[in-house]
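Breakdown of the fold
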Amino acid sequence: MALSMSSPRFVFSAAIALRAVLLVYGLFQDAFSPLKYTDIDYFVFTDAARFIAQGKSPYARDTYRYTPLLAWLIYPTTWSGWFCYGKVLFALGDVVAGYLILLILRSTAKMPTERALKFASIWLLNPMVAQISTRGSSEGLLGVLVTALLWAVTQRRIELAGFLLGFSVHFKIYPFIYAPAIVWWLDNERLGKPSPSGDSKSASVQSKILAFFNKERIILAVYSLATFMACNVLMYYAYGFPFLQHTYLHHVTRIDHRHNFSPYNTLLYLNSSPQGSSSLRLESLAFVPQLLLSTVAIPLALAKKDLPSTLLAQTFAFVTFNKVCTSQYFLWYLVFLPFYLPESSLLRNPTKGLAAAALWVVGQALWLQQGYQLEFLGNSTFVPGLWASSIVFFLINCWILGTIVTDVGRGEQGREATEKKALQ
């Protein structure tokens with residue numbers, strides 16, 4: 001098995017086989033079990049695609065809150081016998097993202113192929129990742145986009161990086177958090193350019209500002225903004241204001257409470273009823289700590305030390321502090337885990353690593369047990385059960401986030417250790 005795990009052909013074949021088995025199993029569970037395998041979101045996607053096939057707007061389907069491009073991507077699901085096309089597409093997206101992870105580990109972390117493959121397998125052979133995509137969640141496509149973005153940045157393919165950043169934000173809003181980290185990382189020193197200001201100690205404020213606006217940062221900004229706006233203009237021209245409302249504006253005021261691990265869960269439930277509404281909603285302020293951490297504090301503190309791991313920390317903070325947190329969102333940060341783990345304290349200290357993994361799983365299990373009681377058995381478990389389990393899971397995630405930030409903050413020591421291991 002050790003020899004097989006060092007073979008890219010074996011690992012990628014196993015990743016594809018895992019997803020194929022789950023796709024087939026899902027057909028049987030949907031046919032014979034009252035608890036369906038296919039995610040409700042997949043029916044939303046395919047219904048939207050069917051409306052497009054009828055010449056209508058995808059937003060004719062209630063609860064479709066995505067760019068029309070997603071419905072167009074799975075348009076073949078409207079053909080007879082092609083209902084599972086979208087699931088196959090999302091599952092293949094997982095595999096492509098895994099290949100990009102392997103490329104980045106080999107080129108950026110200077111890892112031998114065998115070692116890089118082991119860490120890429122954390123994503124490729126992860127049952128949770130495979131299950132979410134084969135159930136019909138589109139997060140696998142986001143995995144491709146963000147790993148491709150990271151690859152383009154680390155390879156100094158700035159025009160491509162700008163396009164991918166703009167398209168990713170159009171496709172799903174949250175990748176905008178990566179812009180500050182990438183911009184901060186793209187300094188002249190890292191790009192191998194002499195600083196136009198000369199001696200940094202005696203440089204004037206004006207020269208430092210001019211040095212900040214280097215060619216690469218300007219190109220990234222122009223390409224990403226142009227791509228983002230071009231996609232939006234095209235979709236607005238085709239579908240009008242409903243596109244803006246459902247793709248962007250809805251997420252500002254959304255009060256989804258079902259399957260939501262967030263501590264705001266109970267508050268969102270209370271405010272979802274007319275009697276519970278108020279002019280000042282506490283959950284509307286959730287974005288303040290969320291954005292301060294994910295777009296300001298973490299990028300400024302960590303991006304220049306380790307960009308891939310910084311993206312993990314940003315995403316982990318964004319999901320942990322988001323007012324809506326579902327299982328699909330976990331894939332947003334799991335895709336960056338292979339870049340952080342090689343030099344992490346969680347790997348150097350197996351006891352700590354196992355404790356973090358166990359607590360993360362147990363925290364979800366506690367919530368899911370309460371959620372099952374509520375949603376399937378009809379028992380009111382909001383307080384204290386569901387609320388308390390949400391708090392416990394939130395605190396566990398905060399501890400893990402603190403560990404990640406501390407590890408990445410080691411900076412040069414971590415990179416030197418990586419290079420020494422790569423030479424062994």
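Calculation rules
- Residues numbered from 1 in each chain as written.
- Predicted model: local features only at pLDDT ≥ 70, side-chain atom pairs only at ≥ 80, totals over all residues.
- Heavy atoms only, no water.
- Helix = DSSP H or I, 4+ residues; strand = E, 2+ residues; numbered from the N terminus.
- Polar contact = N/O pair within 3.5 Å; in protein donor to acceptor, adjacent residues only side chain to side chain.
- Salt bridge = Lys/Arg side-chain N within 4 Å of Asp/Glu carboxyl O.
- Buried < 20%, exposed > 50% of the residue type's maximum accessible area, 1.4 Å probe, protein only.
- UniProt positions renumbered as here; feature names shortened; annotations may be inferred.
- Core = buried A, V, L, I, M, F, W, Y, C linked by side-chain atoms within 4.5 Å.
- Contact = heavy atoms within 4.5 Å.

A closer look at the environment of Gln369
Its location among the elements puts Gln369 in helix H20 (residues 350-375). Along the backbone, Gln369 and Ser389 are 20 residues apart, and their C-alpha atoms lie at a distance of 9.4 Å. A distance of 2.8 Å separates the side chain of Gln369 from the side chain of Gln370, its partner in a polar contact.

Some remarks on the pattern of salt bridges
Under the defined criterion, the tally for this structure stands at six salt bridges. Taking the shortest distance from any N to any O, the salt bridge between Lys172 and Glu139 comes out at 3.6 Å. With Lys172 in the loop between helix H9 (158-171) and helix H10 (178-185) and Glu139 in helix H8 (residues 139-154), this pair connects stretches of sequence that are 33 residues apart. Considered together, Lys172 and Glu139 belong to a single accessibility category, that of buried residues. Taken together, the salt bridges that share partners define one network made up of Asp47, Arg50 and Arg61.

Observations regarding the UniProt feature "transmembrane region" (unreviewed entry) in the protein chain
When the UniProt feature table is mapped onto this chain numbering, "transmembrane region" (unreviewed entry) sits at residues 79-105, 160-186, 218-239, 284-303, 315-341 and 386-405. Annotated as 100% helix and 0% strand, the span residues 386-405 places its first and last C-alpha atoms 28 Å apart.

Let's talk about the nonpolar core
Core analysis: the largest hydrophobic core is formed by 101 residues, its most contacted members being Tyr64, Tyr178, Phe330 and Phe336. Residue contacts for Phe330: discarding those within four places in its chain leaves Met128, Phe261, Val319, Cys325, Trp360, Gln364 and Phe393.

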